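So you can see what is in the structure, the chains are spelled out below.
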Amino acid sequence: SLPVFEHLAAMVRAGHLVDADGHDTYLPHVDRLLDVPVRFIHGERNECYRPAATERTEQWLRAAGHRDVDRFVVPAHGHLDCIFGDDAADVAFPLVLDHLERNA
């Protein structure tokens, strides 16, 4: 949907997480607004959003006190391959399922 991409564009322009209107709503309150179980699943060859970005975000969340955050880098996968790739059901979906079952 177009609003999703408009929101992503607002975050790219801001250089960090903002709401859909570009306001700095989340980061000042990361201790309570993002205090949910988080799992990053990232393609190793993602050129759109580099794997180092989720690594930094994971470290930042941990430094903010979040304990339920983890990260998986899927070898030889690029941007969206973990969702739409030929083997996404075998390599990425089990990671999603595990996360959902642990946090149901």
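Refer to the structure printed above.
With respect to the nonpolar core
Generally speaking, nonpolar side chains in soluble globular proteins are found buried as a group.
Right, so step 1: Core analysis: the biggest nonpolar cluster contains five residues, these being Val30, Val38, Phe40, Leu61 and Val69.
Right, so step 2: Residues within four places of Phe40 in sequence aside, it is in contact with Thr54, Thr57, Glu58, Leu61, Val69, Asp70, Arg71 and Phe72.

Some points on the pattern of salt bridges
Right, so step 1: In total, this model carries seven salt bridges according to the counting rule given.
Right, so step 2: Of the charged contacts, one joins Asp68 and Arg102 as a salt bridge, the two residues approaching to 3.9 Å between their closest N and O atoms. With Asp68 in the loop between helix 3 (51–63) and strand 2 (69–74) and Arg102 in helix 6 (residues 93–102), this pair connects stretches of sequence that are 34 residues apart.
Right, so step 3: Across the salt bridge formed by Arg102 and Asp98, the nearest N and O atoms sit 3.6 Å from each other. Taken together, the residues Arg102 and Asp98, both in helix 6 and four residues apart, mark about one turn of the helix.
Right, so step 4: Accessibility expressed as a relative area gives 33% for Asp98, which makes it partly exposed.
Right, so step 5: One salt-bridge network, held together by shared partners, links Arg39, Asp68, Asp70, Asp98 and Arg102.

Definitions and cut-offs
- Residues numbered from 1 in each chain as written.
- Predicted model: local features only at pLDDT ≥ 70, side-chain atom pairs only at ≥ 80, totals over all residues.
- Heavy atoms only, no water.
- Core = buried A, V, L, I, M, F, W, Y, C linked by side-chain atoms within 4.5 Å.
- Buried < 20%, exposed > 50% of the residue type's maximum accessible area, 1.4 Å probe, protein only.
- Contact = heavy atoms within 4.5 Å.
- Salt bridge = Lys/Arg side-chain N within 4 Å of Asp/Glu carboxyl O.
- Helix = DSSP H or I, 4+ residues; strand = E, 2+ residues; numbered from the N terminus.

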